[in-house]
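Letter by letter, the chains look like this.
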Amino acid sequence: MLADPIGIDPTLAHLGLIVATNHGVEPQYAQVVFGKFWKNELDLECEDEIVSVLRRVGVRNTDFLKEMQPQLSEIRERLLSQEVFSVPTFLVKDERFIGRQHIPMIRKLLEI
């Protein structure tokens, strides 16, 4: 698996995001993961920590976390085929915008 630019392999966190999405708790999961990660309170490469976050947001059965790997691979392939290499990337009306600085322009495009 490829590490991101800061040298951390986010695969487990991404697998957790798929599980959280499947359970309808994606926003809560993302909020906890990002909040803890940016305060150096979460190791994205530690399965126990990712499972702990999933349980905290209400996912009880986490035994199938690694079974999400094929789904993650499919998502990555789809994003790469759309030339999405960084986050945040916004795909709007066949245009790709990288970075939050484009949000005002994206809002205007969506109004049309």
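Before any of the text, the structure's been laid out above.
Let us look at the structure shown here. All of these numbers come straight from a predicted model, not from anything done at the bench.

Concerning helix 4 (residues 69-81)
- With 13 residues, helix 4 ought to run about 18 Å at 1.5 Å a step, and its terminal C-alpha atoms sit 18 Å apart, in line with that.
- Looking one or two residues past helix 4, E83 carries a phi angle of roughly 60°, positive in sign.

Overview of the pairing of strand 2 (residues 95-98)
- Bridge count for strand 1 (residues 89-92) against strand 2 is four bridges, and the pairing is antiparallel. Directly across from V92, in strand 2, lies its bridge partner E95.

Some words on the packing of aromatic side chains
- For the structure on display, the rule yields one aromatic pair.
- Taken together, a centroid distance of 4.8 Å and an interplanar angle of 75° make the contact between F37 and W38 edge-to-face.

Describing the pattern of salt bridges
- Going through the model one piece at a time under the given rule, you end up with two salt bridges.
- Taking the shortest distance from any N to any O, the salt bridge between K66 and E47 comes out at 3.4 Å. With K66 in the loop between helix 3 (47-56) and helix 4 and E47 in helix 3, the pair connects residues that are 19 residues apart, well separated along the chain.
- A salt bridge links R96 to E83; its shortest N-O distance comes to 2.6 Å. Linking R96 in strand 2 with E83 in the loop between helix 4 and strand 1, this pair joins segments that are 13 residues apart in sequence.

Quick look at unusual backbone geometry
- If you check the backbone angles, E83 has positive phi at about 60° while not being a glycine.
- Even without glycine at this site, D94 takes up a positive phi of about 65°.
- Its location among the elements puts D94 in the loop between strand 1 and strand 2.

Calculation rules
- Residues take numbers from 1 onward in each chain, read along the sequence in its written order.
- Where local features are concerned, this predicted model is filtered to residues with pLDDT of at least 70; where side-chain atom pairs are given and counted, the filter is 80 or more; whole-chain, interface and lining totals use all residues.
- By convention in this description, side-chain values take in all heavy atoms of the structure and omit both hydrogens and water.
- Helix and strand assignments follow DSSP, with helices taken as H or I runs no shorter than four residues and strands as E runs no shorter than two, numbered in order from the N terminus.
- Take the number of residues in a helix, subtract one, and multiply by 1.5 Å to get its expected span.
- Pairing between strands is defined by DSSP: at least two bridges between them are needed.
- Working definition: a ring pair exists when centres of Phe, Tyr or Trp rings (six-membered ring for Trp) sit within 6.5 Å. Plane angles under 30 degrees give stacked, over 60 give edge-to-face, the rest tilted.
- Any Lys or Arg side-chain nitrogen found within 4 Å of a carboxyl oxygen on Asp or Glu counts as a salt bridge.

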